[in-house]
Amino acid sequence: MPLWATEGLLAVETPEETMALSVRAGKYRKITGMTRATIALTLVGATTALFLVVSPRSASAAELPVPLGTAEDFAILAGTTVTNTGLSVVTGDLGVSPGTAVTGFPPGQLNGAIHSNDGPAVQGKSDLVIAYNDAVSRTTTDILSSELAGTTQPTGVYESAGGTFTITGDLTLDAEGDPNAVFIFKTTSTLITGASSTVNLINGAQSCNVFWQVGSSVTLGANSLFRGNILAFTSITVGAALEVDGRTMAINGAVTMDTDTVTRSTCAEPGELSISAPETADLGSASLGGVVSSHLGPVTVTDERLLSAPTWTATVVATNFVTSGVPVHTISNTNASYWSGPATATSGIGTFTSGQPTAGDAEIINVERTAFTLTDGIGNNSATWDPVVSVQIPPTAVAGTYTATITFSVA
């Protein structure tokens, strides 16, 4: 449970005497110069006890990724040969099995290792076959026309009505905010992309979660941008000056390149769920028996866990307000109330709900209260609000400065 604790200062004065001190990160500081018959409440010197929770990435997307096994290590994997012409750049391992021929490196640049029918190549090829069969077995969610250009597709398993897929322009894959969205395209025959075509990813889609299962061979047009993992039964021809963000893997035939860039795709690592609040806030002043009230400043929950369906609840609680002198004087936390108000900013998809939308909804924070929640979330998100804290000053309060800690938590 990530926490953010803010320590506060309450100054109580009468015309006869003035005492004031605050707490900053567990240390005391003398405050002087208050001579009016008022009570000043100031939250200062936050003690930041921020604990971060890293949650594993959710696997609750509509489809799980196709398991690549050790084939995940390869940017290029072929059955017979890998042939390159020109100054291609490959990031990731390059393998061939049961064939052994790899030509064109150099002049091609490889940021990885070459595996020519060795142990890793043999195992990678075995895992590629398993991945291919897994993709074939996936239940189709929609049947599309052969031409994908000019369309936008959400997560799903797509099959070609005509047994082939072509992309002669731009295809857009929309994750709709879900960084775990999986896209699987299945053809019984070929995949052919036109020159200068593009596969675009929007709203959190990741190349690592895009799979192209092709029943025969693949031809990628020159000067194009292609994204995803190609699992071809026969061969793959990568056109001149083409960029592949993913993998080109052919079970039985060759992979042929010409001055291309092929970068093995990896999924983003999940981040943290955290909360932050101001280290200082001044609540102002009030008379004995009155109420002091003010905004604390922005409180923000940041959720970067890459969950498909995130939820979280932020809470708030206050300690008693106490002096540091002898004797110690206390204003009970039952005199402190809180309301979050509406969100001042949000990002991501979900329903953000204030625990106390208006002043009329204010709650005593002597126990943990809900400050804000997220429900029906998709992917990463954040919410910011500017809460108000009010303290009822007892008529019998003794002059002095009182400190308290307000703690925000999220889980």
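Worth saying up front: this structure is predicted, and the values here are computed from it rather than measured. (Residues numbered from 1 in each chain as written. Predicted model: local features only at pLDDT ≥ 70, side-chain atom pairs only at ≥ 80, totals over all residues. Heavy atoms only, no water.)

1. A short note on the overall build of the protein
Of the regular secondary structure elements, the protein holds one helix and 40 strands. Residues counted as buried form 52% of the 411 residues belonging to the protein. By sequence separation, contacts in the protein at least 24 residues apart represent 66% of the contacts at least 6 residues apart. (Helix = DSSP H or I, 4+ residues; strand = E, 2+ residues; numbered from the N terminus. Buried < 20%, exposed > 50% of the residue type's maximum accessible area, 1.4 Å probe, protein only. Contact = heavy atoms within 4.5 Å.)

2. Looking at the side chain of T315
Here T315 lies in strand β32 (residues 312-318). Residue classification places T315 among the buried residues on the basis of a relative accessible area of 13%. A distance of 3.3 Å separates a polar atom in the side chain of T315 from a polar atom in the side chain of E368. Sequence-distant contacts of T315, that is, excluding residues within four places in its chain, are made with E368, R369, T370, A371, T407, F408 and S409. (Polar contact = N/O pair within 3.5 Å; in protein donor to acceptor, adjacent residues only side chain to side chain.)

3. Digging into the pairing of strand β35 (residues 336-339)
Here β35 pairs with strand β39 (residues 388-392) via four bridges, running antiparallel. Bridge pairing in β39 links Y338 to V389. Strand direction decides the pairing type here: β35 and strand β37 (residues 363-364), joined by two bridges, are antiparallel. In the strand pairing of β37, Y338 is matched with E363. (Pairing = 2+ DSSP bridges.)

4. Things to note about the pairing of strand β40 (residues 400-410)
Along β40, eleven of the eleven residues are buried, which leaves the element largely enclosed by surrounding structure. With burial as the criterion, each face of β40 is covered, one bearing G400, Y402, A404, I406, F408 and V410 and the other bearing T401, T403, T405, T407 and S409. The pairing of β32 with β40 spans five bridges and is classified as antiparallel. Across the sheet, residue A318 finds its bridge partner in β40, namely I406.

5. Here's the deal with the environment of P65
Position of P65 among the secondary structure elements: in the loop between β5 (53-54) and β6 (74-78). Here the alpha-carbon distance between P65 and A181, two residues 116 residues apart in the chain, equals 8.6 Å.

6. Notes on the pattern of salt bridges
Scanning the entire structure with this criterion turns up five salt bridges. For D134, the salt bridge is made with R138, and the minimal N-O distance between the two is 2.9 Å. For D134, a relative accessible area of 21% corresponds to the partly exposed category. On the accessibility criterion, R138 (13% relative accessible area) is buried. In this structure, E363 and R369 form a salt bridge, with 3.9 Å as the shortest nitrogen-oxygen distance. (Salt bridge = Lys/Arg side-chain N within 4 Å of Asp/Glu carboxyl O.)

Purely geometric stuff here, so don't read any function into it on its own.
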